[in-house]
Amino acid sequence: MASEMPDTGRDMESSIEDSRLTWSRTQKDSMPVLGVLIVLYNNKEDLDFLAQDLTAVQGAVGAVEVHVWDNRSTDGSGARAAELLGPNAITFSDENIGFGPAMNRLAQSCAAPYLLLLNPDCRMTAEAATACLQRLQSDASIGAVSPNIKNGSTDVLSGGRLLTISNGIKYALFVSRLLGSRFSSANGVFAHSPAGADEISLDWLGGTALFLRRQVFEAVGGFNERWFMYGEDVELGMKISDLGYRQIMLTGETVEHRGGGSFSKHQGIRTEWIGGIIDVYRLRARSRVRTAIFSFVLGLGYTLRAVLAGSTDESRRRFYLATASRCYREARVR
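Okay, so let's go over this structure. (Residues numbered from 1 in each chain as written. Predicted model: local features only at pLDDT ≥ 70, side-chain atom pairs only at ≥ 80, totals over all residues. Heavy atoms only, no water.)

Details of the overall build of the chain
Across its full length, the chain carries twelve helices and twelve strands. The burial tally for the chain puts 54% of its 334 residues in the buried class. If you sum the accessible surface of the chain, you get close to 14,700 Å²; carbon and sulfur atoms cover 51% of it. (Helix = DSSP H or I, 4+ residues; strand = E, 2+ residues; numbered from the N terminus. Buried < 20%, exposed > 50% of the residue type's maximum accessible area, 1.4 Å probe, protein only. Areas by Shrake-Rupley, 256 points an atom, 1.4 Å probe, with all protein chains shown as cover.)

Structure (structure tokens):
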């Protein structure tokens, strides 16, 4: 299903050659402290920035081991990644197996004690990587750490509390928005950052830029391959919480997620993400009735947000309405 890319023998630009040699030398001469796992699917335009960021991260944290899985991209992403990072870093898949399954396979080939699951369109900084890794290393009770992911114009954190009906109500009725900035316990399924806090403890963290102890990732069995994409990072967080590990978001360390803007004019309105989250609840609750209530509560929350958006932000209003519609569809007892 997957194969390593053969050496193309092409002449590279000097900067690319230097970068490739740096990765090879790091992997050969010193034990990597951090394994960076990246899944590609048509991300060629992001890769030059990604290589720059990885070089900066390596300079800040020490030896870094990079593993990239190309999910049968059609834009030359894999070949470009091989030029930038070296052919030994890339695995080419014969099919698009999805995000979680690809990450699981990359983790199996990584020896580093700490992992960074990184989206190729996320601009990781050396400062954020250093802070997250040091926080993870500082306390054995912490299983995962994430920086504050800036997704477009939204101020909702890429993380939240346990998927429960009560936490869904907190989000739907704006309790997390009104009080979450003052009391972290007021946060719902999706969280807001406490004012003045450098970090917040949550029950799940988004998978855009996620630092993990490799032993914790292995202990929970990695990602559930039930999902092709969307929802698997939330379920991973639930499993980490089940084992009693803390999950920390460093709200003072912000990184940009270029592809994370839900209201981008260049993207259609996607609702698979909320469908995945509801499916995580469905899997864990094992109750059609409770799943219907949970879905309806979230749908109500997005309907209220659409009403408040009014005509002042039409793209945001349409996004909320589409998300609410998906929630109501998922609420049908099946």
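Points about the pairing of strand E12 (residues 246-257)
Bridge count for strand E6 (residues 122-123) against E12 is two bridges, and the pairing is antiparallel. Residue Cys-122 lies in a different strand from E12, and its bridge partner there is His-257. Direction of pairing for strand E7 (residues 142-151) relative to E12: parallel, over a ladder of nine bridges. Looking across to E12, one finds that Pro-147 is bridged to Leu-250. By the bridge criterion, three bridges tie strand E9 (residues 200-202) to E12 in an arrangement that is antiparallel. Within E12, the residue paired with Leu-202 across the bridge is Gln-247. (Pairing = 2+ DSSP bridges.)

Some words on the packing of aromatic side chains
Per the counting criterion, the structure on display carries twelve aromatic pairs. Centroid distance Trp-273 to Phe-319: 6.1 Å. Interplanar angle 10°. Geometry classified as stacked. Taken together, the residues Trp-273 in helix H10 (residues 272-285) and Phe-319 in helix H12 (residues 314-330) connect sequence positions 46 residues apart. Members of the aromatic cluster, each reached through a chain of ring pairs, are Tyr-171, Phe-190, Trp-204, Trp-273, Tyr-302, Phe-319 and Tyr-320. The ring of Phe-174 carries the charged tip of Arg-305 above its face, separated from the ring centre by 4.1 Å. (Phe/Tyr/Trp six-rings, centres within 6.5 Å; stacked < 30°, edge-to-face > 60°. Lys NZ or Arg CZ within 6 Å of the ring centre and 35° of its normal.)

Concerning the nonpolar core
Nonpolar side chains tend to gather and get buried jointly when the protein is soluble and globular. Ranked by size, the top nonpolar core spans 38 residues in total, and within it Leu-34, Val-36, Ile-38, Leu-118, Met-124 and Phe-211 carry the most contacts. Aside from chain neighbours lying at most four places away, what touches Phe-211 is Leu-34, Leu-115, Leu-116, Met-124, Ala-129, Cys-132, Leu-133, Leu-136, Gly-143, Ala-144, Val-145 and Pro-147. By size, the runner-up hydrophobic cluster in this structure holds 28 residues, among which are Leu-106, Leu-157, Ala-191 and Leu-210. (Core = buried A, V, L, I, M, F, W, Y, C linked by side-chain atoms within 4.5 Å. Contact = heavy atoms within 4.5 Å.)

Remarks on the side chain of Asn-104
Tracing the chain through its elements places Asn-104 in helix H4 (residues 99-108). Relative accessible area serves as the criterion here: at 8%, Asn-104 is assigned to the buried category. A distance of 2.9 Å separates a polar side-chain atom of Asn-104 from the backbone nitrogen of Phe-223. (Polar contact = N/O pair within 3.5 Å; in protein donor to acceptor, adjacent residues only side chain to side chain.)

Details of the packing of helix H11 (residues 288-309) against H12
When two helices pack together, you describe them by how their axes are tilted relative to each other and by the distance separating the axes. Viewed as axis vectors pointing N to C, H11 and H12 meet at an angle of 160°, and their least axial separation amounts to 8 Å. Taken together, the axis directions place H11 and H12 in an arrangement best described as roughly antiparallel. With respect to the hand of their crossing, H11 and H12 are arranged in left-handed fashion. Contacts between H11 and H12 involve Ser-295, Phe-296, Leu-298, Gly-299, Leu-300, Tyr-302, Thr-303, Arg-305, Ala-306 and Ala-309 on the former and, on the latter, Arg-317, Tyr-320, Leu-321, Thr-323, Ala-324, Cys-327, Tyr-328 and Glu-330. Classifying every residue of the contact of H11 with H12 by side-chain character gives eleven nonpolar, four polar and three charged. (Axes fitted to C-alpha atoms, helices over the stretch in contact; angles between N-to-C directions. Parallel < 35°, antiparallel > 145°, perpendicular 65-115°, else oblique. Left-handed = near helix turned anticlockwise from the far one by under 90°. Nonpolar A, V, L, I, M, F, W, Y, C, P; charged D, E, K, R; others polar.)

Here we look at the packing of helix H9 (residues 232-242) against H10
Packing of H9 against H10 leaves a shortest axis separation of 9 Å and a crossing angle of 40°. Between H9 and H10, the crossing angle belongs to the class labelled oblique. Every residue of H10 that contacts H9 at Val-234, Glu-235, Met-238, Lys-239 and Asp-242 is listed here: Ile-277, Val-280, Leu-283 and Arg-284. Residue classes in the contact of H9 with H10 are distributed as five nonpolar, no polar and four charged.

Quick look at a nonpolar patch on the surface
A surface patch of nonpolar side chains, amounting to about 480 Å² of accessible area, comprises Ile-169, Leu-173, Phe-296, Leu-300, Leu-304 and Tyr-328. Looking at the nonpolar patch, the element that brings in the most residues is H11, giving three residues. Along the chain, the position of Leu-304 falls in helix H11. (Patch = residues over 30% accessible without salt bridge, like charges linked within 9 Å, V, L, I, M, F, W, Y side chains within 5 Å. Salt bridge = Lys/Arg side-chain N within 4 Å of Asp/Glu carboxyl O.)

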